[in-house]
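Chain by chain, the residues:
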Amino acid sequence: MVLGFVVMMVAAVGAVHLYLWHRLVRSTTRPGRLRRALTWVLAGLGALIVVTFVGSRVEAGHWLAWPGYLWLAIMFYLLVFLLVLEVPRAVAWAVVRRGGRRAGAEARVLETVPAGDGVAAPDRDGAGGDDRAGGDGGAAGVVPEPASAVGAGPASPSEMSRRLFLGRATAAVAGVSAIGTVGYGVRTALGDPVIEPVKVTLPHLDQRLSGLRFAVVSDIHLGPLTGRAHTERIVRMINSLRPDVVTIVGDLVDGTVAELGPLARPLRDLESRYGAFFVTGNHEYYTSKGPGEWIEELDQLGVRSLRNERVEIRHQGGVLDLAGVNDVNGATMDDGPDFAKALGGRDTSRSTVLLAHQPVQVTDAARYGVDLQLSGHTHGGQIAPFNLLVPLQQPVVSGLATVDGVQVYVTRGAGFWGPPVRVGAPPEITLLELRS
């Protein structure tokens, strides 16, 4: 599977860079030293992406993360903007080329008239007679159109100049747009998460539980591009909300405890009335040592992991079941979700809130009468227009929706994965309040 992924990634990166070379190098330069130099630069950037994906998985290669992932984001938006510009570029080229042909034709007509001569007047029969032309209607003065004017043969210098101008203009527009978009996305990704206040009405909720508040955070993605300050800011913002319950819905880390333990330690400062809870996401299973060491680490930091289990939240005399299931990727390590274990045999008169990293898990949750599922995983698409592709895999991209009779709230997450870029999906911490 890993080899297949690497092969597909190399093929995709190669195809994209070939297209970028065609539009950003070949269409903007003449053959020569500059074109060769730019070709090697683009080839090097393509190799950087591949090396980054492989190298960032080991601590020694973390220094590749910033340049590699930033170029990945710029590459993506260059591709998007260049594809969008293909149609107007083709129209502009057709207009410019037609104008060039018309100007060339007029120049050739002028060249057929000898200097100092006027244009022959028509004879009595209306024919453009000329005694010097031998009475053949002026045919001897017509010069055949060069092959380049009809698209066959090499382009003329003027046509080449127009082609270069259009290529450079297209590249400039795409380049400025891509860099500007990525710059905005970096600022958004590295900035403070947005506090999203959400009120969810549960029809069967005990009235004594109305007003119970959950701080929901997901996809923090502690890794080579984040520092301790990233965790400290999230903890500080959660504590400012004064929640009753804190829930961390998976994808907390992108590495081992040895690599990222210091970055997670601020989680011990989380404050809430009834505690902080965690469920695994798919990225916990991608770490070299698996999620087990993180379960132990979080327990020492005061964050309880719900591993296919549930706890009771008692509030003002009412009782709520808070359950959590492992991520679906845990099945590859015999540690997958077990809904029967987490939800079976419970008091069905109580409302139940389920923590499940991926929204798609709601299909199984619906069989057990869950009232509300809290999920993450999607990042809200993270980089538009990826938000348009998320529905191919998940039933909800972000926000509150109802699936199979179960209300699902999907947070956009407080971090990022891969490029430190968020466009159209700012990072989020949710303050969710239950209503009866």
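Since the model is a prediction, treat every value here as computed from it, not as a measurement. (Residues numbered from 1 in each chain as written. Predicted model: local features only at pLDDT ≥ 70, side-chain atom pairs only at ≥ 80, totals over all residues. Heavy atoms only, no water.)

Asks: Honestly, unusual backbone geometry in this entry has me stumped. Any pointers?
Replies: With the exception of glycine, the majority of residues adopt a negative phi angle, and the majority of peptide bonds are in the trans configuration. Cis geometry marks the peptide bond from Ala384 to Pro385; its omega dihedral reads 10 degrees. Mapped onto the elements of the fold, Pro385 is located in the loop between strand E9 (372-375) and strand E10 (399-403). Phi is positive for Asp219, which is not a glycine, with a value near 50 degrees. One can find Asp219 in the loop between strand E2 (213-217) and helix H5 (228-240). For Gln382, which is not a glycine, the phi torsion comes out positive at approximately 60 degrees. Checked against the element boundaries, Gln382 lands in the loop between E9 and E10. (Helix = DSSP H or I, 4+ residues; strand = E, 2+ residues; numbered from the N terminus.)

Asks: I'm lost on the sheet that holds strand E8 (residues 352-355) in this one. Help?
Replies: Strand pairing in a sheet is mediated by backbone hydrogen bonds. Such pairs are either parallel or antiparallel. The strand order E6-E7-E8-E9-E11-E10 describes an open sheet built from six strands, whose pairing is mixed. The strands lining the two open edges of the sheet, one partner per strand, are strand E6 (309-315) and E10. For this sheet, the mean inter-axis angle between neighbouring strands, taken without regard to orientation, is 25 degrees. Here E6 pairs with strand E7 (residues 318-324) via seven bridges, running antiparallel. Paired with His315 across the strands is Gly318, a residue of E7. (Pairing = 2+ DSSP bridges. Axes fitted to C-alpha atoms, helices over the stretch in contact; angles between N-to-C directions.)

Asks: Looking at this structure, how should I read the packing of aromatic side chains?
Replies: The description of an aromatic ring pair uses the distance of the two centres, along with the angle that the planes make with each other. If you walk through the whole model with that rule in mind, you get three aromatic pairs. Ring centres of Phe76 and Phe386 lie 4.9 Å apart, and the angle between their planes is 15 degrees; this geometry places the pair in the stacked category. Of the two residues, Phe76 is situated in helix H3 (residues 65-111) and Phe386 in the loop between E9 and E10; the sequence distance between them amounts to 310 residues. Assessed through its relative accessible area of 17%, Phe76 is described here as buried. Using a relative accessible area of 35% as the deciding quantity, one classes Phe386 as partly exposed. Ring geometry for Tyr77 against Phe81: centres 6.2 Å apart, planes inclined by 35 degrees, an arrangement best described as tilted. (Phe/Tyr/Trp six-rings, centres within 6.5 Å; stacked < 30°, edge-to-face > 60°. Buried < 20%, exposed > 50% of the residue type's maximum accessible area, 1.4 Å probe, protein only.)

Asks: Is there a simple way to think about the sheet that holds strand E4 (residues 276-279) in this case?
Replies: Spatially, the six strands line up as an open sheet ordered E1-E12-E2-E3-E4-E5, and their pairing is mixed. Strand pairing shows two members of the sheet lacking a second neighbour, strand E1 (194-201) and strand E5 (303-305), which therefore form its edges. In this sheet, neighbouring strand axes are inclined to one another by 25 degrees on average, regardless of whether the strands run parallel or antiparallel. In this sheet, E5 lies alongside E4 in parallel orientation, the contact comprising three bridges.

Asks: Could you clarify how one ought to interpret a nonpolar patch on the surface in this entry?
Replies: A contiguous nonpolar surface patch, about 290 Å² in accessible area, is contributed by Val87, Val91 and Val95. Locating Val95 in the fold gives a position in helix H3. With a relative accessible area of 57%, Val95 lands in the exposed category. (Patch = residues over 30% accessible without salt bridge, like charges linked within 9 Å, V, L, I, M, F, W, Y side chains within 5 Å. Areas by Shrake-Rupley, 256 points an atom, 1.4 Å probe, with all protein chains shown as cover. Salt bridge = Lys/Arg side-chain N within 4 Å of Asp/Glu carboxyl O.)

Asks: Before we go on, may I ask you to explain the confidence of the model for the protein chain in this structure?
Replies: Caution is warranted with low-pLDDT regions, since their predicted coordinates should not be read in detail. A residue-level look at the protein chain finds 84% of positions with pLDDT of 70 or above and a mean pLDDT of 88. With pLDDT under 50 throughout, residues 117-152 is counted as low confidence; its partners more than four residues away or in other chains account for 25 contacts. (pLDDT = per-residue confidence, 0-100. Contact = heavy atoms within 4.5 Å.)

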